[in-house]
Amino acid sequence: MSSTASISVPDVSNSTITLTGGEAIVEILERAGVGPMFGMGGFQLLPFYEAVRRKGLQHFLINDERVGAFAADAYARMTNKPGVCDATLGPGATNLVTALVESYNAGIPQVVFVGDTHRDHSWKNMTQEARQMDILRPAVKEVIRIERSSRVPELVRRAFAVATSGRPGPVVVDVPEDIAHEAFDYPVDDLWIDPATTAFPAYRSRPAAQEIERAAALIAGAERPLLLVGGGIHISSAYGALQELAEQQAIPVAHTLSGKGTIACTHQLSAGLFGRYSRIANDLIETSDCLVVVGCKLGEIATKRFQLFDGSKPIIHLESLPEEIGRTTRADVALVGDAKLGLEDLAEALRDRSARAMSARAGYVAEVPERMAKWREGAKDRLEATETPINMGRMLNELNREMPEDSVLVADGGFAAHWGGLLYDTKKAGRRFVADRGFASIGYGLPGAMGAQLAVPGQPVIGITGDGGFNMVLGELETARRAGTPFTLMIVNNAASGYIKALQHAMYGEYQSSDLIEMNYAEIARDFGCHGTRVEDPEQIAPAIRAANEERTVPSVIDVVVTRDPAKMLPGVDNRTLKVTKGDRPV
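Below: a short report on this structure. Note that this is a predicted model, so its numbers are computed, not measured. (Residues numbered from 1 in each chain as written. Predicted model: local features only at pLDDT ≥ 70, side-chain atom pairs only at ≥ 80, totals over all residues. Heavy atoms only, no water.)

We now examine the sheet that holds strand β4 (residues 83-87). Across a sheet, strands are paired by hydrogen bonds formed along the backbone, either parallel or antiparallel in direction. Strand order across the open sheet formed by six strands is β3-β2-β4-β5-β7-β6, with parallel pairing between neighbours. The open sheet has two free edges, formed respectively by β3 (59-61) and β6 (142-145), since each of these has just one partner strand. Within this sheet the neighbouring strands show an average axis-to-axis angle of 20 degrees, counted without direction. Here strand β2 (residues 37-39) runs beside β3; their pairing, made up of three bridges, is parallel. Bridged to Phe38 within β3 is Phe60. (Pairing = 2+ DSSP bridges. Helix = DSSP H or I, 4+ residues; strand = E, 2+ residues; numbered from the N terminus. Axes fitted to C-alpha atoms, helices over the stretch in contact; angles between N-to-C directions.)

Laid out in structure tokens, this is it:
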């Protein structure tokens, strides 16, 4: 891989260069300074692969295209650069769908190259032919099909521009076999890319000034304002702007699962997770008199299935995608624009009132660490549990103690994300917690950790996945070892599809198709040539984490044998299982 992004500007010469379409694609990718690519080759894209080899760009063969797109997604989250992956036609293309929907829903840009049939023979029962563009189109921002060789550079540039602008997302470039293989004389001055589109978000926009003033007036008049932040803070890299507003105006910050890390969980103003599971944030929402929602779609989990907000307090909603404002929850002030720029504008509009706000809200913000300390005391039975099999709370608490501040935790969808979102503490702002909450598919933990480790090779990366999620992708341990990614994968081994079994327990007390057989995943890891440790005693967790962090040559797997009691498998009550009648107050 090139050590620096070789961004070029148009060459004013009239010279041409003869390239295949696959080579022309790689010329633009090299100029975009792309990071590692992931894919599985086929005949259609062979010229692309040969050009990658000759250029010395970094590309990893994966064993399943979905995993390649997951790894590219995680790399993009960590670097704020578009992920790049590829697939052959037919089953390669259709295998991408789940991962592309994750990126699409989460606002993560990818540029995805998919081979297609030779146009002279399309729809003549070609091998692996399918209506792949129709299948992929609903899963991405745009599908771009290249129909003329001369347009390859233009349309690859277009893919980057669409992927990184507005609310970012994945873009598929459909490359027919003949376009990839046939040579064309490309003008040298067409081999360029706009540097602004090689990172995201490209071309930010500010909210309207009059709406900023309306929002500032509401905040200034509030006694107990509360910031509710989602993954849009990460997309915008708005950490400094968020913390400045929170500190200058004495406003606590609560986060969604995707928004974790937008402010350090150890910060005095951090109220932790809100929504389905909460430490103290849901209580603060109930007593707040002004809610400032930033980069959050206010979906089912963030709103406890749309029950958390009763309409009694004003809501300011800052969001880059205007159609998300008011979609689930009424907003009194709509701020359409980039999170970073919008927060900066709010801070500037309120700057003269900072001293008064800090004085008036001193007692309010002092409640946050007091409530958090009380919560920790109440959760001590889980955080410091000595029972075997191991309590999930104890496992997360040991991670809090052992992981350094620059470490990254990647949480698989569902079970691992909810436990991690509630109990894990990031120690400084930034992408320190990565959860695939766009689609919440399980199977993200291993490839997500691999992609994250490639993005931050010098930092400790740990993934948490269930045994069910690991079973989906365990073959990718081979990929991770081949890629030289020394992340740690912590497998929550409860011999079950844990979330489903816990829901069945809550609703029926009986179980169907939710149990797995007992497996020793440490032995499996060692068979792959990786470091493997099985932990059955909570006192062994910390030494296992330290040993894994010290291993910097191969991936490490920590197989943690956790509770088999379905009543203890969730971090709290899932509100979907509650049957609420009039007069009830669900806990």
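Once the structure has been displayed, the description carries forward.
This part takes up helix α18 (residues 415-423). Of all nine residues in α18, nine are buried; the element is thus mostly enclosed. If you check which residues of α18 are buried, you get Phe415, Ala416, Ala417, His418, Trp419, Gly420, Gly421, Leu422 and Leu423. (Buried < 20%, exposed > 50% of the residue type's maximum accessible area, 1.4 Å probe, protein only.)

Once that is clear, we can look at helix α2 (residues 46-55). Within α2 the residues assigned to the buried category are Pro47, Phe48, Ala51 and Val52. End-on view of α2: buried residues confined to an arc of 140 degrees, all on one side of the axis. Buried residues in α2 make contact with β1 (16-20), α1 (21-32), β2, β3, β4 and α8 (177-181). (Arc of directions from axis to C-beta. Contact = heavy atoms within 4.5 Å.)

Let us now look at the nonpolar core. Within the largest apolar cluster, 93 residues are counted, with the highest numbers of intra-cluster contacts made by Leu227 and Leu399. Looking at this core, the element that brings in the most residues is α18, giving six residues. Residues contacting Leu227, with those up to four places away along its chain left out, are Leu242, Leu245, Ala246, Ile251, Pro252, Val253, Ala254, Val292 and Val294. Judged by nonpolar contacts, the second largest core, of 50 residues, contains Leu136, Met450, Leu489 and Ala525. (Core = buried A, V, L, I, M, F, W, Y, C linked by side-chain atoms within 4.5 Å.)

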